[in-house]
Amino acid sequence: MEETVITEYARQLMEAHGPSAIAEAAQHAVACERSKDKEGAETWRRVEAALQTMRGPRTS
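Residues numbered from 1 in each chain as written. Predicted model: local features only at pLDDT ≥ 70, side-chain atom pairs only at ≥ 80, totals over all residues. Heavy atoms only, no water.

A. Representation of the packing of aromatic side chains in the model. According to the stated counting rule, one finds 1 aromatic pair in the structure shown. Taken together, a centroid distance of 5.6 Å and an interplanar angle of 75° make the contact between Tyr-9 and Trp-44 edge-to-face. Taken together, the residues span a long stretch of sequence, with Tyr-9 in helix H1 (residues 3-17) and Trp-44 in helix H3 (residues 38-55) at a distance of 35 residues. (Phe/Tyr/Trp six-rings, centres within 6.5 Å; stacked < 30°, edge-to-face > 60°. Helix = DSSP H or I, 4+ residues; strand = E, 2+ residues; numbered from the N terminus.)

Put into structure tokens, the structure is as follows:
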């Protein structure tokens with residue numbers, strides 16, 4: 001999947017789920033890994049990474 005599509009999907013997921021979007025993507029990735037869907041897991045990990053980039057650095 002192209003990076004632009006990943007980024008757009010991540011943006012939509014963030015709009016729909018807010019701060020829990022990262023956890024949502026991670027849960028999908030784990031589910032794919034458990035079902036041996038390597039490609040699906042990779043896609044969800046890329047979405048998760050895009051979401052983390054959108055969130056920006058954590059502050060304490």
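Still to come is the rest of the account.
B. Main features of the nonpolar core. With 13 residues, the main nonpolar core has Ala-10, Leu-13, Ala-25, Trp-44, Val-47 and Leu-51 as its most contacted residues. Contributing elements (two or more residues each) for this core: H1, helix H2 (21-34) and H3. In contact with Leu-13, not counting residues within four places along its chain, are Gly-18, Ala-21, Glu-24, Ala-25, Trp-44, Val-47 and Leu-51. (Core = buried A, V, L, I, M, F, W, Y, C linked by side-chain atoms within 4.5 Å. Buried < 20%, exposed > 50% of the residue type's maximum accessible area, 1.4 Å probe, protein only. Contact = heavy atoms within 4.5 Å.)

C. Representation of the packing of H1 against H2 within the structure. The contact between H1 and H2 brings their axes to 8 Å, and the two run at 120°. With respect to each other, H1 and H2 are oriented oblique. Residues Leu-13, Met-14 and His-17 of H1 lie in contact with H2, whose contacting residues are Ala-21, Glu-24 and Ala-25. Residues that form the contact of H1 with H2 fall into these classes: 4 nonpolar, 1 polar and 1 charged. (Axes fitted to C-alpha atoms, helices over the stretch in contact; angles between N-to-C directions. Parallel < 35°, antiparallel > 145°, perpendicular 65-115°, else oblique. Nonpolar A, V, L, I, M, F, W, Y, C, P; charged D, E, K, R; others polar.)

D. Inspection of the packing of H2 against H3 at higher detail. H3 packs onto H2 with a crossing angle of 165° between their chain directions and a minimal axis gap of 8 Å. Between H2 and H3, the interaxial angle falls into the category roughly antiparallel. Considering only the axes of H2 and H3, their crossing is left-handed. Of the residues in H3, those touching H2 at Ala-21, Ile-22, Ala-25, Ala-26, His-28, Ala-29, Val-30, Cys-32 and Glu-33 are Gly-40, Ala-41, Trp-44, Arg-45, Val-47, Glu-48, Leu-51, Gln-52 and Arg-55. (Left-handed = near helix turned anticlockwise from the far one by under 90°.)

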